[in-house]
Amino acid sequence: MTTSTTTSATAQTPIALPRPAEGESEVELLIGGMTCASCAARVEKKLNRMDGVTATVNYATEKAKVTYPQGVQVADLIATVVKTGYTAEEPAPPQPEPAQEAGPERDPELAALRHRLLVSALLAAPVVLLAMVPALQFDNWQWLSLTLAAPVVVWGGAQFHRAAWTNARHGAATMDTLVSVGTLAAFGWSLWALFLGDAGMPGMHDEFRFTVARMDSASTIYLEVASGVVALILLGRYLEARSKRRAGAALRALMELGARDVAVLRDGREVRVPVASLAVGDRFVVRPGEKVATDGTVVEGASAVDASMLTGESVPVDVTVGDAVTGATVNAGGRLVVAATRVGADTQLARMARLVEDAQNGKAEVQRLADRISAVFVPVVILIALGTFAVWLGVTGDTAAAFTAAVAVLIIACPCALGLATPTALMVGTGRGAQLGILIKGPEVLESTRRVDTVVLDKTGTVTTGRMSLQGVYAVRGTDEDEVLRLAGALEHASEHPVARAIAAGAEEKVGTLPAVEDFANVPGRGVRGRVEGREVAVGRLFDVVPEELALARSRAEREGRTAVLAGWDGQARGVLAVADTVKETSAEAVRELRALGLTPVLLTGDNRAVADSVANAVGITEVVAEVLPEDKVDVVRRLQREGRTVAMVGDGVNDAAALATADLGLAMGTGTDAAIEAGDLTLVRGDLRVAADAIRLSRRTLATIKGNLVWAFGYNVAALPLAAAGLLNPMIAGAAMAFSSVFVVTNSLRLRTFR
């Protein structure tokens, strides 16, 4: 039989985290000052130029994940980022915020951005109205517009100008460069026209145009463009920042699930202490309704534990002395005393949060392409703007029209949507997955889920519970089945063999308290014997003569894939006890869901063909590979791959690890062994096979969202640039379109929060 490790639903193996190669270290840095995807691409490029350093910089999460060799210090990495024009620091240990501070406006940066946006919008609105509605243009209206627009351009747009100047000093150009140059150029032109041209004359009137048209350069002002674009882009930045915060809400919620304090037993007294002060071995009390403070083992009491917040499992799990419990689950019943087994960063909750964060910081291959485009996009756009100005000036001879078209090109071409397309979808998708008990190890996993067409299911612990249970009792004529079960169960209760434990448990459940056993003896390879209520009882292959009806019953049970055991007393076989590994109640439904996704399920087991066929028939699988040695599971996966199939593997045992790593997509049951979990691409925190179908659906939905975002982002830029260069867009309309392209991408990603 396939060996595997299974535990109760709350007693999970700690989630394995990816480790850097030998001789390398890994650090996560918080990067400050990034305002667009090209900023992230620039920081990443500089870090990767360092010898032996591999870095991934994520614009959405504002973090860099850096692997570096011996000889390189974290200070060196930070210095490189600072030289590039940004800030970097190691993140402080997470400190859960009080619930009342969780709202988006409690974020000081977001609150400051909101204040800047509101002031800029209030000042810019009259300027835009005066420019767009000629009937409102009273004598000297242009000077009021200048008074209102100046603080918007200078103060409201200060962050763009500051970032553009910093980048310019480092020989770089980013989205801030485009916004700063565009708005300052429009404002500068307006100052020239007002003070040196004819625009400052009393009675001057201007007309708003959605497209570029011939106009008098000396009497044309662009104050509505300069102030309106700043206000619109600040609005886009604010909405984007709010959406990014919502996108990461699932991870923050996961990190904040844990209890904040705990009642520890000290010298027989309960002492309330912060959870951070818990040590392995400490005993703590969990009352009904309280959260389990950390991973541990129940040493006193019995209760039901609600793990829904951590695993998505809606049914509370019964626990008693000796059962393991996971931190952040909720005690739904009686009082428990728990001995801590893992604390701090080693707990299941901390490992889950770390794994999700690593996945969010990663990049899919398609995002790397977008980053490469973003890195060169801004310089190219500046060249296109200059070219647009030259062509318009050469063709029309109209400086104002040429200037308007060039500014529109500068403003509309921001590559922000490109930089947000993948990370925001990843943030929401992986966060939602964590809420449902699905941990996606990295963005590259998403590509694999799209191609998978075959799913190999390890039997023991995956399709079945991995625990033997009594399936049936058959007694010879004249003998009561309950009597056979009572005496055999009493004898087997003294044995530790899995089959014996199944018989004893089944007997206790059906007939109640079992009698005591005397002179118990184990006969190696043959069974057990002992005296029960004065009778010499035996279970196993200890009978010289087996009645024909029992032989037929044993053969029938074995054909059905069950293990049949003879039982009797006083030297005569009296009955047959049939035990088998129990099929999980949800496995048949899970197989149907996998088929609905277009996947062909294959059952893989080391058990004999009869057992395998019995389980396969019970869950609706037609393709079975049985009697496979643990080391041959990899060969089965490779054979399927040679047949042209793209294979997903679901398993939970030590012997599944190699096959999980070999498969195109490895799904590890979180109730399994650490080796299996580390080898998998997706970890299913619950031991429910239905979650495998959910994981593949969520991964495919996330990938589809990423691709939809990228199609929009690329399509927007490809379509918008020619329109702006052709003079079909007013710069202010261009600014609005650019701001809302980023908001669209993030909002589209947020739809993943509704995944069920």
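Residues numbered from 1 in each chain as written. Predicted model: local features only at pLDDT ≥ 70, side-chain atom pairs only at ≥ 80, totals over all residues. Heavy atoms only, no water.

A. Representation of the overall build of the protein in the model. Looking only at helices and strands, one finds 25 helices and 26 strands in the protein. Burial analysis of the protein (756 residues in total) assigns 55% to the buried set. Within the protein, contacts between residues at least 6 apart in sequence are counted, and of these 71% link residues at least 24 apart. Carbon and sulfur atoms provide 55% of the accessible area of the protein, an area that totals close to 31,100 Å². (Helix = DSSP H or I, 4+ residues; strand = E, 2+ residues; numbered from the N terminus. Buried < 20%, exposed > 50% of the residue type's maximum accessible area, 1.4 Å probe, protein only. Contact = heavy atoms within 4.5 Å. Areas by Shrake-Rupley, 256 points an atom, 1.4 Å probe, with all protein chains shown as cover.)

B. Seen up close, the pairing of strand E24 (residues 647-651). Counted residue by residue, E24 has five buried out of five residues, so it is predominantly covered. Taking every second residue as pointing to the same face, both faces of E24 are buried, with Val647, Met649 and Gly651 on one and Ala648 and Val650 on the other. The pairing of strand E15 (residues 454-458) with E24 spans four bridges and is parallel. Of the residues in E24, the one forming a bridge with threonine 454 is valine 647. Relative to strand E25 (residues 665-669), E24 runs parallel, the two being bridged by four bridges. Bridge assignment links methionine 649 to a residue of E25, and that residue is glycine 666. (Pairing = 2+ DSSP bridges.)

C. A look at the sheet that holds strand E23 (residues 623-625). Pairing is mixed in the open sheet, where seven strands are placed in the order E14-E26-E25-E24-E15-E22-E23. The open sheet terminates on both sides in strands that have one partner only, identified here as strand E14 (438-440) and E23. Mean inter-strand twist for the sheet, computed between neighbouring axes without regard to direction, equals 20°. Pairing geometry for strand E22 (residues 600-604) and E23, over three bridges, is parallel. Counted as the bridge partner of leucine 604 is valine 625 from E23. (Axes fitted to C-alpha atoms, helices over the stretch in contact; angles between N-to-C directions.)

D. Representation of the nonpolar core in the model. Residues Leu29, Leu47, Val66, Leu77, Leu457 and Leu667 are the most contacted members of the largest nonpolar core, which totals 113 residues. In terms of residue count, helix H24 (residues 690-725) provides more of this core than any other element does, 10 residues in total. If sequence neighbours within four positions are ignored, leucine 29 has contacts with Glu62, Lys63, Ala64, Val66, Val74, Leu77, Ile78, Ala88, Glu89, Glu90 and Pro91. Met468, Leu487, Val565 and Ala567 belong to the second-largest nonpolar core, a separate cluster that totals 23 residues. (Core = buried A, V, L, I, M, F, W, Y, C linked by side-chain atoms within 4.5 Å.)

E. Region of the structure containing helix H12 (residues 399-412). Given a rise of 1.5 Å per residue, 14 residues ought to cover 20 Å, and the 20 Å separating the end C-alpha atoms of H12 matches this to within 8%. With 13 of 14 residues buried, H12 lies mostly within the body of the structure. The residue sitting at the N-terminus of H12 and contributing the capping side-chain oxygen is aspartate 398; that oxygen lies 3.0 Å from the backbone nitrogen of alanine 400. (Expected span 1.5 Å × (residues − 1). Polar contact = N/O pair within 3.5 Å; in protein donor to acceptor, adjacent residues only side chain to side chain.)

F. Region of interest: the UniProt feature "transmembrane region" (unreviewed entry) in the protein. UniProt's feature table lists "transmembrane region" (unreviewed entry) at residues 117-135, 141-158, 178-197, 217-236, 373-395, 401-422, 709-726 and 732-750, given in the numbering used throughout. Secondary structure within residues 117-135 divides into 84% helix and 0% strand; the distance between the first and last C-alpha atoms comes to 28 Å. From the first C-alpha to the last, residues 709-726 spans 26 Å; its make-up is 94% helix and 0% strand. (UniProt positions renumbered as here; feature names shortened; annotations may be inferred.)

G. Up close: the sheet that holds strand E9 (residues 303-306). Ordered by their spatial adjacency, three strands build an open sheet running E10-E9-E12, and the pairing between neighbours is antiparallel. Single-partner strands in this sheet number two, and they are strand E10 (317-319) and strand E12 (330-331). Direction of pairing for E9 relative to E12: antiparallel, over a ladder of two bridges. The partner of aspartate 306 across the bridge, within E12, is valine 330.

H. Expanded view of helix H19 (residues 587-596). When H19 is considered as a whole, its buried residues turn out to be Ser587, Ala588, Ala590, Val591 and Leu594. In a view along the axis of H19, the buried residues occupy a sector of 160°, so they form one face of it. Relative to its buried face, H19 has exposed residues pointing more than 90 degrees away, namely Arg592 and Ala596. Remark: glycine 598 follows H19 within two positions and exhibits a positive phi of approximately 85°. (Arc of directions from axis to C-beta.)

I. Representation of the packing of aromatic side chains within the structure. As enumerated under the stated definition, the model contains six aromatic pairs in all. An angle of 65° between the planes, with centres 5.9 Å apart, marks the rings of tryptophan 189 and tryptophan 192 as edge-to-face. Of this pair, tryptophan 189 and tryptophan 192 both sit in helix H6 (residues 175-195), three residues apart, which is roughly one turn of that helix. Centre to centre, the rings of tryptophan 712 and phenylalanine 744 are 4.6 Å apart; their planes meet at 45°, and the pair counts as tilted. With a gap of 32 residues between them, tryptophan 712 in helix H24 and phenylalanine 744 in helix H25 (residues 731-750) connect regions that are remote in the sequence. Assessed through its relative accessible area of 34%, tryptophan 712 is described here as partly exposed. An aromatic cluster of at least three residues, connected via ring pairs, comprises Trp189, Trp192, Tyr222 and Phe403. One cation-aromatic arrangement involves arginine 116 over tryptophan 155; the distance from NZ or CZ to the ring centre is 4.7 Å. (Phe/Tyr/Trp six-rings, centres within 6.5 Å; stacked < 30°, edge-to-face > 60°. Lys NZ or Arg CZ within 6 Å of the ring centre and 35° of its normal.)

J. Main features of the environment of alanine 149. One can find alanine 149 in helix H4 (residues 141-156). Between the C-alpha atoms of alanine 149 and leucine 223, which are 74 residues apart in sequence, the distance is 6.3 Å. The contacts of alanine 149, once residues within four sequence positions are left out, are Val127, Leu223 and Ser227.

K. Examining the pairing of strand E19 (residues 535-540) more closely. Here strand E18 (residues 527-532) pairs with E19 via six bridges, running antiparallel. Residue pairing in the sheet places valine 528 in a bridge with valine 539 of E19. Bridge analysis of E19 against strand E20 (residues 563-569) gives three bridges, and the strand direction is antiparallel. The partner of valine 539 across the bridge, within E20, is alanine 567.

L. How the structure looks around the pattern of salt bridges. Under the definition given, this model contains 24 salt bridges. One salt bridge in this structure joins lysine 63 and glutamate 28, with 3.9 Å as the shortest N-O distance. A residue pair is termed long-range when its members are at least 10 positions apart, and lysine 63 in strand E3 (residues 63-69) and glutamate 28 in strand E1 (residues 24-32) qualify at 35 residues. If you follow the salt bridges from partner to partner, you end up with Glu270, Arg287, Glu300 and Arg335 in one network. (Salt bridge = Lys/Arg side-chain N within 4 Å of Asp/Glu carboxyl O.)

M. Region of the structure containing the packing of helix H5 (residues 158-169) against H6. Close contact between H5 and H6 brings their axes to 8 Å; oriented N to C, the two are set at 115°. For the crossing formed where H5 meets H6, the hand is left-handed. Here Gln159, Phe160, His161, Ala163 and Ala164 of H5 lie close against H6, whose contacting residues are Asp176, Thr177, Val179, Ser180, Thr183 and Leu184. Its residues placed into classes, the contact of H5 with H6 shows five nonpolar, five polar and one charged. (Left-handed = near helix turned anticlockwise from the far one by under 90°. Nonpolar A, V, L, I, M, F, W, Y, C, P; charged D, E, K, R; others polar.)

N. Up close: a nonpolar patch on the surface. Nonpolar side chains collect at one region of the surface, where Leu129, Met132, Val133 and Leu136 lie side by side and expose about 320 Å² of accessible area between them. Checked against the element boundaries, methionine 132 lands in helix H3 (residues 108-132). Residue methionine 132 is classed as partly exposed on the basis of its relative accessible area of 35%. (Patch = residues over 30% accessible without salt bridge, like charges linked within 9 Å, V, L, I, M, F, W, Y side chains within 5 Å.)

O. Seen up close, unusual backbone geometry. Of note in this structure, aspartate 267 is not a glycine but carries a positive phi near 55°. Tracing the chain through its elements places aspartate 267 in the loop between strand E5 (261-266) and strand E6 (269-274). Aspartate 267 sits in the exposed class, given a relative accessible area of 81%. Positive phi values are uncommon outside glycine, yet aspartate 519 reaches one of about 55°. As for its position among the elements, aspartate 519 is in strand E17 (residues 518-523). Judged by its relative accessible area of 54%, aspartate 519 falls in the exposed class.

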